[in-house]
Amino acid sequence: MKIRSFITLALLALLAAACGSEAQETVTGDTSTTEESAFTRIVSLNPTATEMLFAIGAGDLVVAVDEFSYYPPEAPVTDLSGWDPNIEAIAGFEPDLVVTESPMEGLDAIDVENHVISAATTLGDIYAQITELGGITGHSDDAATLVTQMQTDIDAVLSSIPEREEALTYYHELDDTLYSVTSTTFIGYVYDLLGLRNVADPADADGAAYGYPQLNEEYLVDADPDVIFLADTRCCAQTAETVAARPGWDQLTAVQEGNIVELDDDVVSRWGPRVVEFIEVAGTAVAGI
Amino acid sequence: MSATLESHDLSVRVDGTPLLRSTSLAVDAGEWVSIIGPNGAGKSTLLRALVGAVDADGDVLVDGESVRSMKRMERARLMSWVPQIPTIPSTIRVFDYVLLGRTPHRHPLAAERPEDVGVVKNVLRDLDLHHLSDREMDSLSGGERQRAVVARALAQSTPIILLDEPTTALDLGHQQEVLLLLDRLRRDGRTIVTTMHDLTLAGQFADRLVLLAEGEVKAEGGAIEVLTEKNIADHYRADVRITHENGAVLVVPRIRTQESSPDDH
Amino acid sequence: MDARPTTARFIWLVAGVAFVFGAATLGLVLGPTDISSWGTIVETADRLTPFTFDSGLSETQKSIVWNLRLPRVALGLLVGASLATAGATYQGVFRNPLADPYLLGVAAGGGLGATVAFVNDWGNGEGVFDGVQLAAFVGALLAVALTWIVGVAGDRDRSAASLILAGVAVASFFTALQTFLQQRNTEDIREIYTWFLGGLTTSGWSEVLQLLPVAVVLLLVLSLTGRTLDIMAVGDEEASMLGLAVPQVRVGLLVIASLLTAAAVAVSGLIAFVGLIVPHAVRLIFGSTFRVIVPLSIFAGAGFLALSDLAARTILTPTEIPIGVITAFFGAPFFIFILRTTGRR
């Protein structure tokens, strides 16, 4: 089932890539030149898009967001599902635009536009998505400012990291059953920027797990990563202490030297403006090793 | 090893339908009583009520003592039962199957004792099954299997044995074999109750016949008294001729000229 | 095998122990990391015996052997023995070779319990017992209890058929609740799926110590009940005429087997097919008397699951294959084989 869900996700991502550009074109076509928003009632079913909309000052146009779009706190959270959305429930908010992670069918029937913010693979993707959202909501200038600020902040972090002869190794934990990410994912890409080497890469060399392999515990202890990033502090209540208390983990360099970085699951799994926060926390930790 | 068996006003109802009405019966120690009657008369039900396999009103007494006050184990040491269609586990070996008869003589979790194994071996030899001891029940012929089921009842070492149609599945030779075995057991003092379809055989072997119809005892006594043309015409709706030959009562269907006789004799 | 030659039974006992020992040794010696086989054995002897041996392994390797490999092997043995023996008991009680220990709702109840725990973040508790394990255990027992109540309400004689039907109904009901909860809490879906596939991936000594006392006691009790199951094989009516208190015995055996299953499920999730195919394989090879099937299922189940887990952690090293995939991969073809051979009879 695990594997199947990943296949589904991957297919959705492909679809998004295939159809997304088309949708964006039609939308940006008539609004690029004015600072007037083409849309006044936006429903966002994508927590990342919600964060982006609020960060560029378009939050007042947002009338409803999905159950997981609880950041920023002022976002109008509803019990709409981003996973399995109900068109009728969406229509109840009388939106003129629905932002989703993958293209949504059925919106044509109620004459509502769909804008897709699909999973980013690079920082460039994120900047482009923010710029697009700025364009269609009449906040182009705010979007440009945000992108510049993000670039500046990220550059500052990256330049603070010292050069090393041999790259540090890391393990990024998604949950306490040792699911991890490889370098092919966006998260892995971020660690690449920080000059780290992923110990999970051999676990999904053929990409069969779509970059999300489950690691063998024995292998992990043997691989002995220099730093451990915990992206399961919310879901699974993991902390540096619980990791150190795991049987056999006291042998790990990262445990012995205190190089366990607690991250916010949400910040890491979303590719919105808060990616800066992720890079800052991770980068600061790496710079200090 | 012998005991008397009595029933007092034994009645069985299933979903409001009476299958057995207030049947009273007394079987002496060492007596063989055969219950006869047409299909649906309640023969099997009577046997099951006697052995306690079906809930019944009234009472069953063994040596004058009510089985109601007995524990299941105790009752199983007094009465054994050979059902008409026994449930036989698919790949069980003959020896293990017969050994099940020793159940009431030991704790259900305990291993069989040497004496249990001894009893089983004796029974297998008595019934000429010892050479099949390691065979699976599935692989036996109908006659061999029937003997194995009887063997299980014998291994139970009870003074009373109830057998539901013990000869139905068997050919003539095997019928005779089983009946002669029961005859020998009776001579040893065991009390035997059977149901039988074959009236001639029933009359020939049993000490006494009980004719059951519509859940009631209609006639009771020796073969000569019970197996009359009238009784059989009344209760079997069969047209038969009764002849007596060397002390045996023969029941022979009459061949009618216009329609064939019912073959259910 | 038969009642007569005790030497034959002794030989099978020795063979069973040898199989378990062999599987455990393989599980200990082989693994995703390259540690000398001899070293793992010496290290284990050093830890498990009062004597001191020098394995020559590094501290990390010693820790891997003692903290990761050994408990996983041990838990595999215990869970396998528990599921297989519970399965053998269920098959005997229901006189159905296709019965498995999840038949009366243990899986659905455990699944609902675990889901409730994940949704409410009860996991990773500080106490001896993990919230998810406890919830799965309680959920599994609740489901069986409900099955029992429903089954008995429908049929005073508590026949096997009415219990199985009640089990199907209760399992559907619990599965519906579980799916509803899961859909309402999609953020927990990964944890839930992982649990449902079952596995020993992050098992340590604490899981072993939780299951050990329960499993040892209940397995000992069940290993004595083979003869009782043999009596039950002739049907409720005839077994009762042989002096067996069938309804009471059935409750007792099902309670024990369900407790054992629930305890195994609590620490390892839902591992499919073990409880079905292991006792059946034993039956095919050694004949259908339960006084042989039940004790041999203990050994066969232990060895089978230890080997399955070995495959799960080494085939695609360094990633894990869910153990349910391994057991089902071998289980499904075997299932077809069972159907073919039993169909012939």
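Just so it is clear, the model here is predicted, and its values are computed rather than measured. (Residues numbered from 1 in each chain as written. Chains lettered and ligands numbered in written order. Predicted model: local features only at pLDDT ≥ 70, side-chain atom pairs only at ≥ 80, totals over all residues. Heavy atoms only, no water.)

## So, the overall build of chain C
No. 1: A count of helical and extended segments in chain C gives 14 helices and zero strands.
No. 2: Sequence-ordered secondary structure for chain C, helices as α and strands as β, is α-α-α-α-α-α-α-α-α-α-α-α-α-α.
No. 3: Rg of the C-alpha trace for chain C: 20 Å, near the compact-globule value of 20 Å for 345 residues, within the 12% margin.
No. 4: Once the C-alpha set of chain C is aligned to its principal axes, its extents read approximately 65 × 60 × 35 Å.
No. 5: Within chain C, the fraction of its 345 residues that count as buried is 60%.
No. 6: Here the contacts in chain C between residues at least 6 apart in sequence split such that 72% fall between residues at least 24 apart.
No. 7: Where the 19 positive side-chain charges of chain C centre and where its 22 negative ones centre are 11 Å apart. (Helix = DSSP H or I, 4+ residues; strand = E, 2+ residues; numbered from the N terminus. Rg over C-alpha atoms; globule rule 2.2 N^0.38 Å. Buried < 20%, exposed > 50% of the residue type's maximum accessible area, 1.4 Å probe, protein only. Contact = heavy atoms within 4.5 Å. Lys, Arg positive; Asp, Glu negative; His and termini not counted. Charge placed at Lys NZ, Arg CZ, Asp CG, Glu CD.)

## Digging into the domain arrangement of chain A
Residue and element names in this part refer to chain A.
No. 1: Splitting chain A by domain gives domain 1 (2-156) and domain 2 (164-287).
No. 2: Across the contact surface, domain 1 and domain 2 share two salt bridges.
No. 3: Here domain 1 and domain 2 share six residue pairs in polar contact (both at pLDDT 80 or more) between them.
No. 4: Elements with a contribution of two residues or more to the side of domain 1 that touches domain 2: α1 (2-31), α2 (47-55), α4 (123-137) and α5 (140-159).
No. 5: Ranked by the residues each element gives to the side of domain 1 that touches domain 2, the list is headed by α2, at five residues.
No. 6: A breakdown of the residues in the side of domain 1 that touches domain 2 according to their chemical character gives 17 nonpolar, six polar and four charged. (Domains from an automatic or database assignment. Salt bridge = Lys/Arg side-chain N within 4 Å of Asp/Glu carboxyl O. Polar contact = N/O pair within 3.5 Å; in protein donor to acceptor, adjacent residues only side chain to side chain. Nonpolar A, V, L, I, M, F, W, Y, C, P; charged D, E, K, R; others polar.)

## Describing the interface of chain C and chain A
No. 1: Every contact between the two is made by 29 residues of chain C and, on the other side, 33 residues of chain A.
No. 2: The contact between chain C and chain A buries some 3,000 Å² in all, and 55% of this surface belongs to carbon and sulfur atoms.
No. 3: Area buried by chain C at its contact with chain A is led by Leu68, Arg190 and Pro318 of chain C, which between them contribute 22% of it.
No. 4: Applying the counting rule to chain C against chain A returns one salt bridge.
No. 5: The partner of Glu218 of chain A in a salt bridge is Arg69 of chain C, with the nearest N and O atoms 2.7 Å apart.
No. 6: Elements with a contribution of two residues or more to the side of chain C that touches chain A: α3 (59-93), α6 (160-184) and α7 (189-197) of chain C. (Buried area = accessible area lost by both parts, 1.4 Å probe.)

## A look at the packing of α3 of chain C against helix α8 (residues 205-223) of chain C
Residue and element names in this part refer to chain C.
No. 1: For the pair α3 and α8, interaxial distance at closest approach is 9 Å and the crossing angle is 30°. Classified by the interaxial angle, the pair formed by α3 and α8 is roughly parallel. Crossing hand, α3 versus α8: left-handed. In contact with Trp66, Asn67, Leu70, Pro71, Ala74, Leu75, Leu78, Val79, Ala81, Ser82, Thr85 and Thr89 of α3, α8 contributes Trp205, Glu207, Val208, Leu211, Leu212, Ala215, Leu219 and Leu222.
No. 2: Here the residues of the contact of α3 with α8 sort into 15 nonpolar, four polar and one charged. (Axes fitted to C-alpha atoms, helices over the stretch in contact; angles between N-to-C directions. Parallel < 35°, antiparallel > 145°, perpendicular 65-115°, else oblique. Left-handed = near helix turned anticlockwise from the far one by under 90°.)

## Quick word on the sheet that holds strand β4 (residues 113-116) of chain A
Residue and element names in this part refer to chain A.
No. 1: The parallel open sheet is built from four strands, whose spatial order is β2-β1-β3-β4. Whereas interior strands pair on both sides, the edge strands pair on one side only; in this sheet they are β2 (62-65) and β4. Pairwise comparison of adjacent strand axes, ignoring direction, gives a mean angle of 20° for this sheet.
No. 2: Where strand β1 (residues 42-44) meets β2, three bridges bridge the pair, whose relative direction is parallel. Along β2, the bridge assignment pairs Val43 with Ala64.
No. 3: Sheet strands in contact with α2 are β1, β2 and β3 (97-100), and its direction is about 135° off that of β1. (Pairing = 2+ DSSP bridges.)

## Re the pattern of salt bridges
Residues and elements named next belong to chain B.
No. 1: This structure, assessed with the given rule, holds 34 salt bridges over all chains.
No. 2: For Asp183, the salt bridge is made with Arg186, and the minimal N-O distance between the two is 2.1 Å. In this pair, Asp183 and Arg186 are both assigned in helix α6 (residues 172-187), three residues apart and thus about one turn of the helix distant.
No. 3: You can call Asp183 buried: its relative accessible area is 10%.

## Side note on the arrangement of the chains
No. 1: The interface with the highest contact count, out of two pairs of chains in contact, is the one between chains B and C.
No. 2: With respect to C-alpha atoms, chain A approaches chain B no nearer than 38 Å, and the pair has no contact.

## A closer look at helix α4 (residues 114-126) of chain B
Residue and element names in this part refer to chain B.
No. 1: For α4, spanning 13 residues, the distance from its first C-alpha to its last is 18 Å, which sits close to the expected 18 Å at 1.5 Å a residue.
No. 2: Those residues of α4 not exposed but buried are Asp116, Val117, Val120, Val123 and Leu124. Each buried residue of α4 sits inside an arc of 125° when the element is viewed along its axis, so together they form one side.
No. 3: In the core, the buried residues of α4 are packed alongside α3 (94-99) and α5 (142-155).
No. 4: Looking one or two residues beyond α4, the residue adopting positive phi is Asp128, at roughly 55°. (Expected span 1.5 Å × (residues − 1). Arc of directions from axis to C-beta.)

## Description of the packing of α5 of chain A against helix α11 (residues 275-287) of chain A
All names here are of chain A.
No. 1: Where α5 meets α11, the axes come as close as 9 Å, and the angle between the chain directions of the two elements is 10°. Between α5 and α11, the crossing angle belongs to the class labelled roughly parallel. Taking contact as the criterion, the partners of Met150, Asp153, Ile154 and Val157 in α5 are, on α11, Val275, Val276, Ile279, Glu280 and Gly283.

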